[in-house]
Amino acid sequence: AATAKEMGLVSRVIDGGRDEVMAAALALARHIAEQSPVAIVGTKANLVYSRDHSVADGLDYVATWNMAGLQSDDLTVAAMAKMAKERPIFSKL
């Protein structure tokens, strides 16, 4: 596992057994679930698209998603929550 992390194949190694791994996975899932739904869906769409297309096409796709993301209220909600030191509450998709 340490070698995989050194090689960049994994971003994190969890010490312990199944319980520790499940706790870390659930914590990460909670963190992801707290983020903007538009950003989460856009990230997944960009990763899937970029996997099967050229770098230039992938960057164009990212730019399109970024423009679309600016049309939602999520950026404003996130900024206001950050300034108020509160958790943002995003609209559902």
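Residues numbered from 1 in each chain as written. Predicted model: local features only at pLDDT ≥ 70, side-chain atom pairs only at ≥ 80, totals over all residues. Heavy atoms only, no water.

A.B. asks: I'd like a rundown of the environment of Ile89, residues and numbers included.
C.D. replies: Tracing the sequence through the fold places Ile89 in the segment after helix H5 (74–84). Between the alpha carbons of Ile89 and Ala78 there is a distance of 8.1 Å; along the sequence they are eleven residues apart. (Helix = DSSP H or I, 4+ residues; strand = E, 2+ residues; numbered from the N terminus.)

A.B. asks: How would you sum up the pattern of salt bridges? Please name residues and give values.
C.D. replies: Enumeration according to the criterion identifies two salt bridges in this entry. For Arg51, the salt bridge goes to Asp52, with nearest N and O atoms at 3.3 Å. Take Arg51 and Asp52: they sit in the same class, and that class is exposed. (Salt bridge = Lys/Arg side-chain N within 4 Å of Asp/Glu carboxyl O. Buried < 20%, exposed > 50% of the residue type's maximum accessible area, 1.4 Å probe, protein only.)

A.B. asks: Could you give an account of the side chain of Asp74, naming the residues involved and the relevant values?
C.D. replies: Position of Asp74 relative to the elements: it lies in helix H5. Summary of buried charges: Asp74 has no salt-bridge partner, and the nearest side chain of opposite charge, Lys92, is 12 Å away. Once you skip the residues sitting within four places of it in the chain, Asp74 turns out to touch Ser36, Pro37, Val38, Phe90 and Ser91. (Lys, Arg positive; Asp, Glu negative; His and termini not counted. Contact = heavy atoms within 4.5 Å.)

A.B. asks: Describe in detail the packing of helix H3 (residues 37–51) against helix H4 (residues 55–69), supporting the description with residues and values.
C.D. replies: Where H3 meets H4, the axes come as close as 9 Å, and the angle between the chain directions of the two elements is 165°. One element, H3, and the other, H4, form an angle in the roughly antiparallel class. Here H3 and H4 pass one another in a crossing that is right-handed. Taken together, the residues of H4 that come into contact with H3 (itself represented by Val38, Val41, Gly42, Ala45, Asn46, Tyr49 and Ser50) are Asp57, Gly58, Tyr61, Val62, Trp65 and Gly69. (Axes fitted to C-alpha atoms, helices over the stretch in contact; angles between N-to-C directions. Parallel < 35°, antiparallel > 145°, perpendicular 65-115°, else oblique. Left-handed = near helix turned anticlockwise from the far one by under 90°.)

A.B. asks: Tell me about the packing of aromatic side chains, residues and numbers included.
C.D. replies: A complete count under the given rule lists one aromatic pair for this structure. Pairing Tyr49 with Tyr61 gives two aromatic rings, centres 3.9 Å apart and planes at 10°, and the pair type is stacked. Taken as a pair, Tyr49 in helix H3 and Tyr61 in helix H4 lie far apart in primary sequence, twelve residues in all. Given the relative accessible area of 23%, Tyr49 is considered partly exposed. (Phe/Tyr/Trp six-rings, centres within 6.5 Å; stacked < 30°, edge-to-face > 60°.)

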